[in-house]
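Residue-level structure breakdown
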Amino acid sequence: KLFEKRSDYEVAGFLDDDHSMWGMTIGNTKVLGGTNLLSNMIKEANLDFVVTAITHDMSKELYDNIIDITANGFPVYDVSTFCEKVLMRISIKHLNDLWIAYMPIYGVRKTIYNQKIRKIAEILFSLFILAVFSPLILLVIAAIKLDSKGPVFYIQRRIGWRGQPFNLIKFRSMKVDDENHQDFSGHRNDPRITNIGRILRFFRFDEIPQFWNVIKGEMSVIGPRALVEEEVQRFEAQIPYFSLRNSIKPGITGWAQINYPHGATVRDGFAKLEYDLYYMKNLSPLLDIIILLQTIRIVLFGDGAR
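What comes next is a walk through the structure. (Residues numbered from 1 in each chain as written. Predicted model: local features only at pLDDT ≥ 70, side-chain atom pairs only at ≥ 80, totals over all residues. Heavy atoms only, no water.)

**Structural notes on the overall build of the protein**
Our working definition: Helix and strand labels come from DSSP, where a helix needs a run of H or I of at least four residues and a strand needs a run of E of at least two; each type is numbered from the N terminus. Whether a residue is buried, partly exposed or exposed follows from its accessible area with a 1.4 Å probe, protein chains only, as a fraction of its type maximum: under 20%, in between, or over 50%, in that order. Contacts are assigned to residue pairs with any non-hydrogen atoms lying within 4.5 Å of each other. All accessible areas in this document rest on Shrake-Rupley with a 1.4 Å probe, and a residue is counted as covered only by the protein chains that are shown. Only four residue types enter the tally: Lys and Arg on the positive side, Asp and Glu on the negative side, with His and both chain ends excluded. Charge placement uses NZ in Lys and CZ in Arg. For Asp and Glu, CG and CD serve respectively.
Along its length, the protein carries 12 helices and 9 strands. The C-alpha extent of the protein, read off along each of the three principal axes, is 70 × 45 × 35 Å. For the protein, with 306 residues in total, the buried portion stands at 41%. Sequence-distant contacts, at least 24 apart, represent 64% of the contacts inside the protein between residues at least 6 apart. Of the roughly 18000 Å² of accessible surface on the protein, 58% is carried by carbon and sulfur atoms. Positive and negative side-chain charges of the protein, numbering 37 and 34 respectively, have mean locations separated by a distance of 9 Å.

Structure below.
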């Protein structure tokens, strides 16, 4: 399913030692036989690589076969590594505790970039944004007051770095007392949103006050989305390794935010965690720049995840 939509990859076939699977079709591709055919397939089908998608214990015969193949210089990937390499997300369904235990998480390493450069750059960038947009911020404050009754800012308790709660601040885009009704969360025609709120959300301008959270050290410019406590508890109970995302500060934008639409279901949380884990594992100045440029494109042209 992941690769049928891509023109740059073609699945040549599946191999499975379950005899009942032989001849069956998965998507548009057949199960050709047992794993004993692997070496012949590599030669005859002109394969570029092999991906193992095994969730149970591997047989000794197959293990020895794969070791022999890799020793001869042919690339063999597990699903998680392959999805990370090609889709830029980490397949949680194929992870195990050992993979997680040895996973290099560059986002939490005590490097000069993580501890000094990134922090200083984020504060300077936040001050710059607040200063440049200060005239527009004053207009937005007036528009919110004229559009509906209630405070200008919406302050909500969110879970941040290392599971610590903090007060996230945004421009109010919903009717007063409707913010905590989650039934319409993620819906395009959310009836809770005010007229000015729709404009603010379209241009992501309701997020601007969060730069104050960055200056205070509660958030980063880039990181996983800050969630309410109820969401965190629900997701941690149903999604493996979900608590790992709290190892870095939440962000105003992020790899998951630009690649996956906002949603409050467990399925949404599962998908977004795959992107968050990829970001945490591969955090770098280049990836941060890519996310910032993609965010600017989304804001300017109104496409991408909401």
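**Let's talk about empty space enclosed by the protein**
If a probe as big as a water molecule is rolled over the atoms, it shows which places are left empty. As a reminder of what qualifies: In this analysis the probe radius is 1.4 Å and the grid spacing 1 Å, with only protein atoms considered; a cavity is a set of points the probe fits into but cannot get out of, a pocket is an open set with protein on both sides within 12 Å along at least five of seven lines, and lining residues have an atom within 4 Å of a point. Grid points are joined across faces, edges and corners, and a volume is the space filled by probe spheres set on the points. Side-chain classes are defined by residue name, with Ala, Val, Leu, Ile, Met, Phe, Trp, Tyr, Cys and Pro counting as nonpolar, Asp, Glu, Lys and Arg as charged, and the others, Gly among them, as polar.
Using the criterion set out here, one finds 1 cavity of 30 Å³ or more in the structure. Each pocket or cavity is described by its volume, and for the largest cavity that value is around 40 Å³. Ile-159, Gly-160, Pro-224, Arg-225, Arg-245, Asn-246, Ile-248, Lys-249 and Pro-250 are the residues that line the largest cavity. Along the lines of polarity and charge, the residues of the lining of the largest cavity split into 4 nonpolar, 2 polar and 3 charged.

**Comments concerning the pairing of strand E3 (residues 29–33)**
Heads up, the condition is: For two strands to count as paired, DSSP must find a minimum of two bridges between them.
Inspection of the sheet shows strand E1 (residues 14–15) paired to E3 by 2 bridges, in the parallel sense. Considered in E3, the bridge of Leu-15 is made with Gly-33. In this sheet, E3 lies alongside strand E2 (residues 25–26) in antiparallel orientation, the contact comprising 2 bridges. Each bridged residue has a counterpart across the sheet, and for Ile-26 the counterpart in E3 is Thr-29. Here E2 folds back onto E3 in antiparallel fashion, the turn holding 2 residues, of which Gly-27 has a positive phi close to 65°.

**Observations regarding the side chain of Lys-272**
To keep it simple, the criterion reads: Throughout this description, the term salt bridge denotes a Lys or Arg side-chain nitrogen within 4 Å of a carboxyl oxygen of Asp or Glu. Counted as a polar contact is a pair of N or O atoms within 3.5 Å, where, for protein atoms, one must be capable of donating a hydrogen and the other of accepting one, and residues adjacent in sequence contribute only when both atoms are in side chains.
As for its position among the elements, Lys-272 is in helix H11 (residues 266–282). It turns out Lys-272 is buried and unbridged, and the closest side chain with the opposite charge, Asp-268, is 6.0 Å from it. Within the local environment of Lys-272, its side chain forms a polar contact with the backbone oxygen of Gly-263, the two atoms lying 3.0 Å apart. Contact partners of Lys-272, with chain neighbours within four places excluded, come to Ala-256, Tyr-260, Pro-261, His-262 and Gly-263.

**A short note on the sheet that holds E3**
Strand order in the open sheet made by the 3 strands is E1-E3-E2, with mixed pairing throughout. Two strands lie at the open edges of the sheet, namely E1 and E2, each paired on one side alone.

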